[in-house]
Amino acid sequence: IKAKLVRVGGQTHKTSKIFAQNAIIKNHKGFLRSKDVEIDRLEGGEVDGERVFVKESVGGEIKGNIVRIETIKANNLITAFEAVFIDKDSQIIL
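Residues numbered from 1 in each chain as written. Predicted model: local features only at pLDDT ≥ 70, side-chain atom pairs only at ≥ 80, totals over all residues. Heavy atoms only, no water.

(A) Just the nonpolar core, in detail. In this structure, Leu32, Ile39, Val47, Val52, Val54 and Ile62 are the most contacted members of the largest nonpolar core, which totals 16 residues. Sequence-distant contacts of Val54, that is, excluding residues within four places in its chain, are made with Ile39, Leu42, Ile62, Arg68, Ile69 and Glu70. (Core = buried A, V, L, I, M, F, W, Y, C linked by side-chain atoms within 4.5 Å. Buried < 20%, exposed > 50% of the residue type's maximum accessible area, 1.4 Å probe, protein only. Contact = heavy atoms within 4.5 Å.)

Shown next as structure tokens:
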């Protein structure tokens, strides 16, 4: 999918590829490249964006300039080029 705005009220498939200016996704399992990202639950998916906000991350890979995660679970890979904010550190091993 290529679009300016992508809004998914359900979940994406693990083979999905999404390229957008802005993306709002309920449950993400595939690949996403977007300028602004908002995801309720990241489950093993990959996200590449400038500003990334994830409510809950379980086994995901996130790359972004500014990354904010509310709740982080096990098996995540996070690369932040400017800043990373984690609100609730459930299972963080540095």
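(B) Structural context of the pairing of strand β4 (residues 46–58). In terms of strand pairing, strand β3 (residues 31–43) meets β4 through 11 bridges, oriented parallel. Within β4, the position partnered with Asp36 by the bridge is Arg51. Of the strand pairs in this sheet, β4 and strand β5 (residues 61–72) are connected by 10 bridges, and their pairing is parallel. Looking at β5, one finds that Val52 is bridged to Val67. (Pairing = 2+ DSSP bridges. Helix = DSSP H or I, 4+ residues; strand = E, 2+ residues; numbered from the N terminus.)

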